[in-house]
Amino acid sequence: VCRNLYDSVRNGPEPWVITEALYKNTSIERSVRQHVVNSLREPLRALNLSESRMREEEQCWHKVLFQLIRYEGDGRVSTDFMSRETLAAKAKDERASRFDEMVNHLARPEVLVLRNINVPGARRDKGAAMFGLGHDVVGLALHALKIEDDAVEQVEKRRRWWKRVSSSVIALIVLIFF
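Values in this document were obtained by computation on a predicted structure and should not be read as measured data.

Parameters at a glance
Residue numbers here run from 1 along each chain, matching the order of that chain's written sequence. Since the coordinates come from a predicted model, pLDDT governs what is reported: local features require at least 70, and pairs of side-chain atoms require 80 or more to be given and counted, while whole-chain, interface and lining totals use all residues. Side-chain measures were taken over the full set of non-hydrogen atoms in the model, leaving aside hydrogen atoms and water. Residue burial is assigned from relative accessible area. The probe radius is 1.4 Å, only protein chains are included, and a residue is buried under 20% of its type maximum, exposed over 50%, and partly exposed in between. Runs of H or I in DSSP of at least four residues are treated as helices and runs of E of at least two as strands, each being numbered from the N terminus. Here, the arc refers to the directions that run from the helix axis to the C-beta atoms. Pairs were defined over the aromatic rings of Phe, Tyr and Trp, the Trp ring being its six-membered one, requiring ring centres within 6.5 Å. Orientation was assigned from the angle between planes: stacked under 30 degrees, edge-to-face over 60, tilted for the rest. The term salt bridge refers to a side-chain nitrogen of Lys or Arg lying within 4 Å of a carboxyl oxygen of Asp or Glu.

A. Representation of helix 6 (residues 99-106) within the structure. Every buried residue of helix 6 is listed here: Phe99, Met102, Val103, His105 and Leu106. Axial view of helix 6: buried residues confined to an arc of 165°, hence all on one face.

B. Here's a closer look at the packing of aromatic side chains. All told, the structure shown has three aromatic pairs when counted by the stated rule. Plain terms: the ring middles of Trp61 and Phe99 are 6.3 Å apart, the flat faces sit at 20° to each other, and that makes the pair stacked. Taken as a pair, Trp61 in helix 4 (residues 51-66) and Phe99 in helix 6 lie far apart in primary sequence, 38 residues in all. For Trp61, a relative accessible area of 0% corresponds to the buried category. Here Phe99 falls in the buried class, since its relative accessible area comes to 14%. Arranged with centres 4.9 Å apart and planes meeting at 80°, the rings of Trp161 and Trp162 form a pair that is edge-to-face.

C. Looking closely at the pattern of salt bridges. Summed over all chains, the structure comprises 14 salt bridges. Between Glu56 and Arg53 there is a salt bridge, with the nearest N and O atoms lying 3.5 Å from each other. Here Arg53 and Glu56 lie together in helix 4, a separation of three residues that amounts to about one turn. Where salt bridges share partners, they join Arg53, Glu56 and Glu57 into one cluster.

See below:
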């Protein structure tokens, strides 16, 4: 997020100074959202996936991470947490690939989209690892990404429906006139 703010400054004229005006002109949520997107794309780029396949994989991971958001009664969001096994099961349900690689990357200190959480009284063996979002504001960014993903999914559903309908109509016309 700080790097994103710094990059915003560097795109302008020198001297490059981070001032209060930058915070007013730059949405922190937008910066966090971009950080989440970049953090997901980084390990996916190494796989040399097609653009459409990378977008599908990103959307799968958005759905997985979205499940770590807890909505409070007053409209705030905070991070929920779950065991590594539960998170792995959610990733499998959403068809998100490379679970260990992605979780390890997202939990790195310089990335911190996910946070490894030590729960008092929890077992200390490998199976007791718990994860939450790196910060509550990550939940706001994920919520915005979910809204975008849902809109894209609706467009894709309509496109597939029109394709099926038009194929059926063409087939019917061929049957009637030929």
